[in-house]
Amino acid sequence: MPHEAHWLTEATARVQATGLGAAAEHRGRVEEIADGVAMISGLPQVRLDELLRFDSGAVGFAQVLEPDRIGCVLLEAAAAPQAGDAVRGTGDVVRVPVGPGLLGRIVDPLGRPLDGRGPVVAEASLPVEREAPGIIERDLVVHPVQTGVLVVDTLFALGRGQRELIIGDPATGKTTLALDTIIAQRDSDLICVYVAVGQKTSAVRRAVDALMTHAAFDRCIVVVAGPATPPGLQWIAPFAGMTMAEHFRDSGQHALIVIDDLTKHAATHREIALLTRQSPGREAYPGDVFYVHARLLERAAKLSQAKGGGSLTALPIAQTEAGNLSAYIPTNLISITDGQIVLGAALFQEGQKPAVDVGVSVSRVGGKTQAPALRDAATSLRLDYAQFLEMEVFTRFGGTIEPRVQAQLTRGARLRAVLRQPQHAPMRLEEEVALVMAVQEGLLDGLAPEQVASFRGHLAETLEPGAAAILRKIAATGTLDGADRAALLAALRKRAADV
């Protein structure tokens with residue numbers, strides 16, 4: 001009897017707390033379902049990108065709105081709905097968790113953990129689709145992002161708030177270049193987000209291992225949407241990663257996002273568009289593929305001081321076939337971004353790594369973002385290297401070479417050796433300044449190309465104590481005055497003589 005009385009009391013309380021009255025509910029029905037896309041009828045009030053919930057427990061978002069039906073992209077592989085199942089609109093959009101609780105974690109595009117370390121403690125949740133900052137809310141891009149890659153920092157300087165495309169054929173080191181940039185931020189204040197879209201599990205595993213081994217992984221977020229995940233998750237992955245990074249930018253901090261890669265994302269967008277029966281255009285891509293990537297990358301920006309002064313730098317990756325930069329997606333992305341770093345297959349096969357093609361690579365922000373010491377040291381570097389490459393082609397035909405031309409060829413060969421750099425070993429600013437000064441002043445002309453690596457090894461630690469102090473000053477201020485320059489050159493000359 002006491003147990004029955006307790007049950008009766010609880011049941012009475014529940015009934016009294018239940019709200020009674022009419023309730024309106026909009027319900028639709030699944031007409032067709034295939035390949036991660038559901039066609040739905042009966043929900044005329046649904047808005048674009050609205051989150052839909054199925055009776056089976058699956059969720060999706062409205063991608064296409066037609067007069068008589070809705071194209072919904074599913075976000076769940078399990079619990080897939082069947083034709084005839086009921087579906088309801090939620091009035092909300094797809095959201096992802098944001099905040100410091102994501103740092104050091106590997107998550108899927110919905111913020112669910114993939115690293116087996118328990119649930120993510122989120123500070124808030126924000127929509128994956130957010131409006132890009134307006135012009136009045138932005139500031140000039142003048143502060144550098146040190147990538148630690150000598151050829152990039154000296155010839156194609158990147159700034160905080162910039163969007164720089166990394167593009168090249170398969171297996172030319174695109175991901176490695178992006179990962180080296182993340183690794184170089186282990187001593188900076190940049191928070192890094194790496195988004196893998198449609199990448200093989202083995203490739204993602206290698207990337208995560210590299211970040212855990214060499215980078216400050218406790219200030220990184222890895223978002224993974226593998227090739228076996230539903231197309232909907234692959235589609236929202238770059239947007240979800242951008243939202244996670246924007247949270248830090250909007251709080252006055254600085255963030256860097258790598259999207260690997262947008263070519264696969266475009267293929268996923270094409271797949272979804274064809275399944276939802278949108279009109280195909282060039283190369284079967286729908287006409288809005290440019291807008292999809294433009295509204296994504298426009299969210300990277302340097303905010304004004306009135307908005308907190310934070311920045312978000314984007315390094316999207318794209319893939320070409322046989323070096324064809326004039327294909328549809330590459331040309332779209334080149335026109336959206338602030339420059340491109342092009343990696344050449346021929347250079348990679350020759351062992352010139354990173355295989356940056358300096359002839360077609362460009363940064364539209366320019367040297368205004370470079371540290372003053374590096375900008376002064378590399379004033380004529382790009383022109384000298386371009387002249388060397390051109391002269392090298394012509395001198396292959398043989399004939400007598402003038403001493404002046406031979407000196408340029410010798411200097412260029414040493415410069416090419418200096419620009420060759422092992423992976424996952426980013427250089428510090430002071431080391432870059434010292435190396436560029438050494439090659440520009442001809443201190444390495446007497447060394448064989450294979451001796452340049454020996455000269456570069458532990459450069460800062462092998463210089464005289466006085467020069468080491470100058471390097472620390474460069475690291476702290478980014479500047480180099482005349483007296484320090486002369487002292488540093490003397491130390492470098494002595495170091496070159498000892499090799």
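This text follows the structure it describes.
Predicted model only: the values in this text are computed from it and were never measured.

A. Representation of the overall build of the chain within the structure. Assigned secondary structure in the chain consists of 17 helices and 18 strands. For the chain, the spread of C-alpha atoms along the three principal axes comes to 100 × 55 × 45 Å. Across the 499 residues in the chain, those meeting the buried criterion constitute 52%. Side chains of the chain carry 49 positive and 57 negative charges; the gap between the two charge centres is 3 Å.

B. Representation of the packing of helix α6 (residues 262-275) against helix α7 (residues 289-297). Remark: α6 packs on α7, axes separated minimally by 10 Å, with the N-to-C direction vectors making an angle of 135°. Classified by the angle between their axes, α6 and α7 sit oblique to one another. Once α6 is placed against α7, the crossing between them reads as right-handed. Here Leu262, His265, Ala266 and His269 of α6 come into contact with α7, specifically with Val289, Val292, His293, Leu296 and Leu297. Across the contact of α6 with α7, the residue classes break down as six nonpolar, three polar and no charged.

C. Structural detail: the pairing of strand β16 (residues 311-319). Summarising burial for β16: eight of the nine residues are buried, a large majority. One ladder, built from three bridges, connects strand β12 (residues 165-168) with β16; its direction is parallel. Paired with Gly168 across the bridge in β16 is Gln319.

D. Region of interest: the packing of helix α16 (residues 465-477) against helix α17 (residues 482-498). α17 packs onto α16 with a crossing angle of 130° between their chain directions and a minimal axis gap of 9 Å. Looking at the two axes, α16 sits oblique to α17. Crossing geometry of α16 relative to α17 is assigned as left-handed. Touching Ala467, Ile470, Leu471, Lys473 and Ile474 of α16 are Asp484, Ala487, Leu488 and Ala491, all from α17. Its residues assigned to classes, the contact of α16 with α17 comprises seven nonpolar, no polar and two charged.

E. A look at the nonpolar core. Ranked by internal contacts, the top residues of the largest apolar core, which has 79 residues, are Tyr194, Leu211, Phe455, Ile474, Leu488 and Leu492. The leading source of residues in this core is helix α13 (residues 429-440), at eight residues. In this structure, Leu75, Val197, Ile259 and Ile334 belong to the second largest nonpolar core, which totals 53 residues.

F. Broad picture of the sheet that holds strand β2 (residues 37-41). Reading around the barrel, the six strands line up as β1-β2-β5-β4-β3-β6 and close back on themselves, with antiparallel pairing between neighbours. Taken over all neighbouring pairs, the strand axes of this sheet differ in orientation by 45° on average, direction set aside.

G. Seen up close, the sheet that holds β16. Read from one edge of the open sheet, eight strands run β8-β14-β13-β15-β16-β12-β17-β18, paired in mixed fashion. Two strands in the sheet have a free side with no partner beyond their single neighbour: β8 (105-107) and β18 (362-363). Across the sheet, helix α3 (residues 174-183) is in contact with β12, β13 (190-197), β14 (220-225), β15 (254-260), β16 and β17 (339-343); its angle to β16 comes to roughly 165°.

H. Inspection of the pattern of salt bridges at higher detail. Tallied over the full model, the rule gives 32 salt bridges. Across the pair Arg105 and Asp115 runs a salt bridge whose closest N-O atoms are separated by 2.8 Å. Here Asp115 lies in the loop between β8 and β9 (124-127) and Arg105 lies in strand β8, a separation of ten residues in the sequence. Salt bridges linked by common partners bring Arg130, Glu246, Arg249, Asp250 and Arg299 together as one network.

I. Inspection of the pairing of strand β4 (residues 59-65) at higher detail. For β4, a buried count of six out of seven residues is recorded, marking the element as mostly surrounded by other parts of the structure. In this structure, strand β3 (residues 50-54) lies alongside β4, joined through three bridges in antiparallel fashion. For Leu52, the partnering residue across the bridge sits in β4 and is Gly60. Alignment of β4 against strand β5 (residues 70-74), held across five bridges, turns out to be antiparallel. Bridge assignment links Val64 to a residue of β5, and that residue is Gly71. Connecting β4 to the next strand, β5, in antiparallel fashion are four residues.

J. The arrangement of the environment of Arg27 in detail. Tracing the backbone shows Arg27 in strand β1 (residues 27-34). For the pair Arg27 and Val87, spaced 60 residues apart in sequence, the C-alpha separation works out to 5.7 Å. Leaving out residues up to four positions away in the same chain, Arg27 has contacts with Gly42, Leu43, Asp55, Ala86, Val87 and Arg88.

Cut-offs and rules
- Residues numbered from 1 in each chain as written.
- Predicted model: local features only at pLDDT ≥ 70, side-chain atom pairs only at ≥ 80, totals over all residues.
- Heavy atoms only, no water.
- Helix = DSSP H or I, 4+ residues; strand = E, 2+ residues; numbered from the N terminus.
- Buried < 20%, exposed > 50% of the residue type's maximum accessible area, 1.4 Å probe, protein only.
- Lys, Arg positive; Asp, Glu negative; His and termini not counted.
- Charge placed at Lys NZ, Arg CZ, Asp CG, Glu CD.
- Axes fitted to C-alpha atoms, helices over the stretch in contact; angles between N-to-C directions.
- Parallel < 35°, antiparallel > 145°, perpendicular 65-115°, else oblique.
- Left-handed = near helix turned anticlockwise from the far one by under 90°.
- Contact = heavy atoms within 4.5 Å.
- Nonpolar A, V, L, I, M, F, W, Y, C, P; charged D, E, K, R; others polar.
- Pairing = 2+ DSSP bridges.
- Core = buried A, V, L, I, M, F, W, Y, C linked by side-chain atoms within 4.5 Å.
- Salt bridge = Lys/Arg side-chain N within 4 Å of Asp/Glu carboxyl O.

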